[in-house]
Amino acid sequence: MTAKLLFQLDTDSTPSVFDTVVAYDGGADHVIGHAGITKESVGGLVEGAIFTRGAKDKKSTALFVGGASMVAGETLLDAIQAKFYGGFRVSVMLDSNGANTTAAAGVALLAKASPLAGKRAIVLGGTGPVGMRVAAMLALEGAAVTLTGRQLAKTQHAAAAIGQRFGVQIEAVEAPDDAARARAAEGVAIIYAAGAIGHQLIAHADWQSMDSVQLVADVNPEPPFGIGGIGAGDKGRDYQGKLAFGALGIGGLKLRLHRACIGKLFERNDLVLDAENILALAKEMA
Ligand SMILES: NC(=O)c1ccc[n+]([C@@H]2O[C@H](COP(=O)([O-])OP(=O)(O)OC[C@H]3O[C@@H](n4cnc5c(N)ncnc54)[C@H](OP(=O)(O)O)[C@@H]3O)[C@@H](O)[C@H]2O)c1
């Protein structure tokens, strides 16, 4: 039996422990972490992965791209794929900061609760890796998406980057505090909080009083939560007609999805797991 080797290529200075644990739980026999990987330094590592095993056994070697920056991860994924040719390739997954799996799990749970197409959605604190993937996935599901951040230029930059990668239109709104975020959320059906850990982004009274709001979701697992007044374990809990999903309610599916993705990497040698197919898998699993 050929050992299943996962090379964890991290753009940060140390490989993520979270990603290492999930890699083993997802079915890798050995996980080999490499830190500080850039598009300049990745070439030799990819050559080692693609030129070593014969066609039958190549599927037992796979690559995982992680790290805090989705932009750095996307750049690395492009550099890795540029090295592949013909049958000389192995499967690879991009999940910088857990952004693809976390965003996909939340969006899949929302889509299961209620159709997203044609609805207005707002992603609060959406300029980080998770928020940018959430915005992209909501837009791919047919929602009209607004992204908020505390500074206009950074928020516009994030919206433009999503548009360029996914071919969708995202509106950028500067919203430096809870009151500004509540104003930006007026009239939306979906509020998704994707801000930094331990920061509230909208007060309970504000979203609860909005007639238009049907679904709220939050991926911040540490109090105060991003959406005031909800519970971390909420998974479709009804707050006077509005369904809420908290970080742990989303996190269960995120972990199952992340493990399932790792397992899929070893089924063939030409899979590229990124936002679109990770979201599709999440919707199957939700
Ligand atoms: N549940 C899960 O399974 C899971 C998995 C992974 C991550 N997470 C959580 O998902 C969330 C998003 O992750 P991430 O890596 O994308 O987050 P991040 O990059 O750390 O932060 C996201 C955004 O939050 C905003 N922010 C930072 N400090 C703030 C403050 N004091 N007040 C308001 N906004 C602030 C920033 O936007 P601006 O500077 O533009 O305002 C930042 O771009 C985090 O809470 C993380 O813990 C959950």
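My aim in this report is to walk through the structure given alongside it, one point at a time. Nothing here was measured: the structure is a model prediction, and the numbers come from that model.

Examining the sheet that holds strand S2 (residues 30-34)
Strand order in the open sheet formed by 5 strands is S2-S1-S3-S4-S12, and the pairing between neighbours is parallel. The sheet is open, and its two borders are formed by S2 and strand S12 (272-273), each paired with just one other strand. In this structure, strand S4 (residues 91-94) lies alongside S12, joined through 2 bridges in parallel fashion. Looking at S12, one finds that Met93 is bridged to Leu273. Relative to the sheet, helix H1 (residues 17-25) contacts strand S1 (5-10), S2 and strand S3 (61-66), its axis offset from that of S2 by approximately 160°.

Points about the sheet that holds strand S10 (residues 235-239)
Spatially, the 7 strands line up as an open sheet ordered S7-S6-S5-S8-S9-S11-S10, and their pairing is mixed. Pairing within the sheet leaves two strands with one partner each, and these edge strands are strand S7 (170-174) and S10. Averaged over all neighbouring strand pairs, the angle between strand axes comes to 20°, with direction disregarded. When strand S5 (residues 120-124) meets strand S6 (residues 144-149), the two strands line up parallel, connected through 4 bridges. Within S6, the position partnered with Val123 by the bridge is Leu147. Relative to the sheet, helix H4 (residues 99-113) contacts strand S8 (190-193), strand S9 (215-218), S10 and strand S11 (242-245), its axis offset from that of S8 by approximately 160°.

A short note on the site of the ligand
Residues in contact with the ligand amount to 22 residues; listed here are only the nearest, Asn97, Thr127, Arg150, Lys154 and Gly195. In the model, an oxygen atom of the ligand is placed 3.0 Å from a nitrogen or oxygen of the Val130 main chain. A distance of 3.0 Å is found between an oxygen atom of the ligand and a backbone nitrogen or oxygen belonging to Ala196. When the free accessible area of the ligand is taken as 920 Å², the share hidden by the protein chains comes to 79%. Examining the composition of the shell around the ligand, we find that 3 residues originate from one element, helix H9 (residues 247-265), more than from any other.

Describing the packing of helix H5 (residues 129-140) against helix H6 (residues 152-166)
Contact geometry of H5 with H6 gives a least axis separation of 10 Å together with a crossing angle of 50°. By the angle class used here, H5 and H6 are oblique. Regarding H5 and H6, the two cross each other, and that crossing is right-handed. Here Met132, Arg133, Ala135, Ala136 and Leu140 of H5 lie close against H6, whose contacting residues are Ala158, Ala161, Ile162, Arg165 and Phe166. Looking at the contact of H5 with H6 residue by residue, the classes come out as 8 nonpolar, no polar and 2 charged.

Quick notes on the pattern of salt bridges
In the structure shown here, the tally under the stated rule is 11 salt bridges. Measuring nitrogen to oxygen at the nearest pair gives 3.1 Å for the salt bridge that ties Arg165 to Asp274. With a gap of 109 residues between them, Arg165 in helix H6 and Asp274 in the loop between S12 and helix H10 (275-285) connect regions that are remote in the sequence. When its relative accessible area of 30% is taken as the criterion, Arg165 is described as partly exposed. Using a relative accessible area of 8% as the deciding quantity, one classes Asp274 as buried. One salt-bridge network, held together by shared partners, links Glu74, Arg133, Arg165, Asp274 and Glu276.

A short note on helix H2 (residues 43-50)
Among the residues of H2, Gly43, Val46, Ala49 and Ile50 are the ones counted as buried. Buried positions in H2, seen along its axis, are confined to an arc of 125° and lie on one side of it.

Brief notes about the layout of surface pockets
Its volume calculated, the largest pocket comes out at about 960 Å³. Considering the residues around the largest pocket, the lining is formed by 40 residues, among which Asn97, Val130, Gly195, Ala196 and Ile197 are closest to the centre. For the lining of the largest pocket, the elements supplying multiple residues, two or more each, are H1, H5, S6, H6 and H9. Sorting elements by how many residues they give to the lining of the largest pocket places H9 first, with 5 residues. Taken together, the residues that form the lining of the largest pocket break down as 15 nonpolar, 18 polar and 7 charged.

Re a nonpolar patch on the surface
Side chains of Phe51, Tyr85 and Phe88 sit close together on the surface and give an oily, nonpolar patch of about 300 Å² of accessible area. Here Phe51 is to be found in the loop between H2 and S3. With a relative accessible area of 43%, Phe51 lands in the partly exposed category.

Observations regarding the nonpolar core
With 74 residues, the main nonpolar core has Leu6, Leu63, Ile80, Leu110, Leu138, Ile162 and Ile170 as its most contacted residues. Every residue in contact with Leu110, bar those within four places of it in the chain, is listed here: Leu116, Leu138, Ile190, Tyr192, Leu215, Ala217 and Phe245. Among the nonpolar cores identified, the runner-up in size contains 18 residues, and Ala182, Ala184, Val188 and Ala193 belong to it.

What counts, and at which threshold
Residues numbered from 1 in each chain as written. Predicted model: local features only at pLDDT ≥ 70, side-chain atom pairs only at ≥ 80, totals over all residues. Heavy atoms only, no water. Pairing = 2+ DSSP bridges. Helix = DSSP H or I, 4+ residues; strand = E, 2+ residues; numbered from the N terminus. Contact = heavy atoms within 4.5 Å. Axes fitted to C-alpha atoms, helices over the stretch in contact; angles between N-to-C directions. Near = heavy atom within 4 Å. Polar contact = N/O pair within 3.5 Å; in protein donor to acceptor, adjacent residues only side chain to side chain. Areas by Shrake-Rupley, 256 points an atom, 1.4 Å probe, with all protein chains shown as cover. Parallel < 35°, antiparallel > 145°, perpendicular 65-115°, else oblique. Left-handed = near helix turned anticlockwise from the far one by under 90°. Nonpolar A, V, L, I, M, F, W, Y, C, P; charged D, E, K, R; others polar. Salt bridge = Lys/Arg side-chain N within 4 Å of Asp/Glu carboxyl O. Buried < 20%, exposed > 50% of the residue type's maximum accessible area, 1.4 Å probe, protein only. Arc of directions from axis to C-beta. 1 Å grid on protein atoms, 1.4 Å probe; cavity = no way out; pocket = protein on both sides within 12 Å on 5 of 7 lines; lining within 4 Å. Points joined across faces, edges and corners; volume = space filled by probe spheres on them. Patch = residues over 30% accessible without salt bridge, like charges linked within 9 Å, V, L, I, M, F, W, Y side chains within 5 Å. Core = buried A, V, L, I, M, F, W, Y, C linked by side-chain atoms within 4.5 Å.

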